[in-house]
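Summary of the model geometry
Read off the chains here:
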Amino acid sequence: MRQITVLGSCGAYPEPGRACSGFLVEWDGFRVVLDLGYATLPRLLAHCPDGAVDAIVITHEHPDHCIDLHGLFRMHLYGEKRDRTLPLYCTPGVLDRLGALEPEVDLRTVFTVHELPGTYRVGPFELSALLLPHYVPNAGVRLQTDEFALAYTGDTGPDPLLAELGRNTDLYIVEATDRAGERQQQHRNLLTAEEAGYWAAQAGARRLMLTHFWPGNNRETAAAAARSTFDGEVLTADEDLVVRLGPS
């Protein structure tokens, strides 16, 4: 099985029936989670009932991208004992932010931490990461095999590195927050859907998936805006959406 499942797609806070940023990537039995924002853990457990994933990638410390990692930590800490720790790839601020919730327990009792940005071998994937502009350190990540490449921006402002991160990917997952007044900001830390399409086009990506929608935004309008700058297939990240990855 080679697929990605959307666990959550909202930015900032979840809408009813939805969750914040989160994706489950499955490749020939290997399972990688990309972000675990608000309300994503129950959705992850619906696919992995025992929480037994093979690796976790957290792009940055904002809670709409990482807060449910603490729930997974507690599940592994207090639940059935495991014979190994979970590989966790994240920016340094993630441990500081989550560790403050329960200073008396150590996240490293459950996770083996690998700092982003960097390049690592993660099961069948080469994981590489680049720092992209945001309010806090944010790592755009790329998962690549000999036959497939996927990239995910986390949160980001406009930056030429977006073209490098998503270069020739089969699927590029790009945040399209479209927060009101974003383009008028002096220092850009988020994208519009139109900009998401532009950077996917600059990268030469085959497919674009929009995510991190500001609550209340119309997703069809966002997709139409992205199609104005990107000629390939445009998907919107909706909870429980499953997309096939590469040849079966």
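Residues numbered from 1 in each chain as written. Predicted model: local features only at pLDDT ≥ 70, side-chain atom pairs only at ≥ 80, totals over all residues. Heavy atoms only, no water.

A short note on the pattern of salt bridges
Taken as a whole, this structure holds 16 salt bridges when the rule is applied. Here Arg219 ties to Glu15 by a salt bridge, and the two come within 3.7 Å at their closest N and O atoms. Taken together, the positions of Arg219 in helix 6 (residues 219-227) and Glu15 in the loop between strand 1 (2-8) and strand 2 (22-27) put the pair 204 residues apart, joining distant regions of the chain. Across the pair, exposure class does not vary: Arg219 and Glu15 are buried alike. One salt bridge connects Arg18 with Glu239, and the closest N-O pair in it is separated by 2.6 Å. Residue Arg18 is located in the loop between strand 1 and strand 2, and its partner Glu239 is located in the loop between strand 13 (233-236) and strand 14 (242-244); the two are separated by 221 residues in the primary sequence. (Salt bridge = Lys/Arg side-chain N within 4 Å of Asp/Glu carboxyl O. Helix = DSSP H or I, 4+ residues; strand = E, 2+ residues; numbered from the N terminus. Buried < 20%, exposed > 50% of the residue type's maximum accessible area, 1.4 Å probe, protein only.)

Some remarks on the side chain of Thr211
Relative to the elements of secondary structure, Thr211 occurs in strand 12 (residues 207-211). You can call Thr211 buried: its relative accessible area is 1%.

What to know about the UniProt feature "domain: Metallo-beta-lactamase" (unreviewed entry) in the protein chain
If you check UniProt for "domain: Metallo-beta-lactamase" (unreviewed entry), the listed places come out as residues 19-194 in our numbering. A helix fraction of 21% and a strand fraction of 31% characterise residues 19-194, whose end C-alpha atoms lie 23 Å from each other. (UniProt positions renumbered as here; feature names shortened; annotations may be inferred.)

Focus on the sheet that holds strand 5 (residues 86-90)
Taken together, the seven strands give an open sheet; going across it, the order is 6-5-4-3-2-1-14, and neighbouring strands pair in mixed fashion. Every interior strand has two partners, whereas the edge strands, strand 6 (111-115) and strand 14, have only one. Strand-to-strand twist of the sheet, defined as the mean angle between neighbouring strand axes without regard to direction, takes the value 20 degrees. Sheet strands in contact with helix 2 (residues 63-78) are strand 3 (30-36), strand 4 (55-58), strand 5 and strand 6, and its direction is about 130 degrees off that of strand 3. (Pairing = 2+ DSSP bridges. Axes fitted to C-alpha atoms, helices over the stretch in contact; angles between N-to-C directions. Contact = heavy atoms within 4.5 Å.)

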